[in-house]
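Coordinate inspection notes
So the chains spell out like this:
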Amino acid sequence: MSRKYLLAFLAGVLLALPSIAQISPKSAPVFADYPVSETYIGKHAKAKTGKGVGQPHPLYGYMPSMFRTRLNEAAKSGSVNFAGHYILTVWGCGTGCLDGGIVDAKSGDVFWLPAVECCAGGDGFFVDKSSRLLVISTKSGQTLSAKANELLNKRQAAGEDIPYEDFLPPSVEHFYVFKGGKFEEVFLEASR
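Scope of this entry: the structure provided in the associated data block. No experiment lies behind these values; they were computed from the predicted model shown.

Re the packing of aromatic side chains
Summed over the entire model, instances satisfying the criterion amount to 15 aromatic pairs. Note on W91 and W112: the rings are 6.3 Å apart at their centroids and 85° apart in plane angle, and the pair reads as edge-to-face. Placement of the pair is W91 in strand β1 (residues 86-92) and W112 in strand β3 (residues 110-112), with a sequence separation of 21 residues. Across the pair, exposure class does not vary: W91 and W112 are buried alike. Following the ring pairs from residue to residue traces out a cluster consisting of F82, Y86, F111, Y176, F178 and F183.

The following block contains the structure:
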């Protein structure tokens, strides 16, 4: 009887392997891994920013109407730059953070970006009009490890002139795929 369960378990694991590999690639995905079939070139719809319209921001709860000017300007004069028919737009929070959303050029629907690039000098948001992949490079919440701090302190104590870059925390790249109106994180990579 236990052999039957073992075989069923192994069959389940074997069937799940392709999806596990897809969720957790061994190396960072590239834009070509998530292609779209065509890029929209028609007239852009007005962003849906009416009061009470759209989904609340996943982190902060604000609505598209709170960023009406920015979203409508992107829909009106921006060009399709993401996933075939979306316009990515970002804005600052005043302290170095970047937040934003995407506007569907066909329908005007607004979708929030899944994370904020914040405060410590990350590189920002990266997209391609022919791909559903979004890369967010951030240093938010990152600090040097205790070991790295200890080594820097020893170098300083020894009188070494240390370049500013050595004090910067590592950046983190978040890789998201846009599917069905939602962003799904598929890979995370920390680097220097």
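And the narrative resumes.
Some thoughts on the sheet that holds strand β2 (residues 98-104)
An order of β1-β2-β3 is seen for the three strands of this open sheet, with the pairing classed as antiparallel. The outermost strands of the open sheet, each flanked by one partner alone, are β1 and β3. Put simply, the sheet's adjacent strands are angled 25° from each other on average, direction ignored. Where β1 meets β2, seven bridges bridge the pair, whose relative direction is antiparallel. The residue of β2 that forms the bridge with I87 is V103. Packing of helix α2 (residues 68-77) onto the sheet brings it into contact with β1, β2 and β3, and relative to β1 it is tilted by some 140°.

Thresholds applied
- Residues numbered from 1 in each chain as written.
- Predicted model: local features only at pLDDT ≥ 70, side-chain atom pairs only at ≥ 80, totals over all residues.
- Heavy atoms only, no water.
- Phe/Tyr/Trp six-rings, centres within 6.5 Å; stacked < 30°, edge-to-face > 60°.
- Helix = DSSP H or I, 4+ residues; strand = E, 2+ residues; numbered from the N terminus.
- Buried < 20%, exposed > 50% of the residue type's maximum accessible area, 1.4 Å probe, protein only.
- Pairing = 2+ DSSP bridges.
- Axes fitted to C-alpha atoms, helices over the stretch in contact; angles between N-to-C directions.
- Contact = heavy atoms within 4.5 Å.

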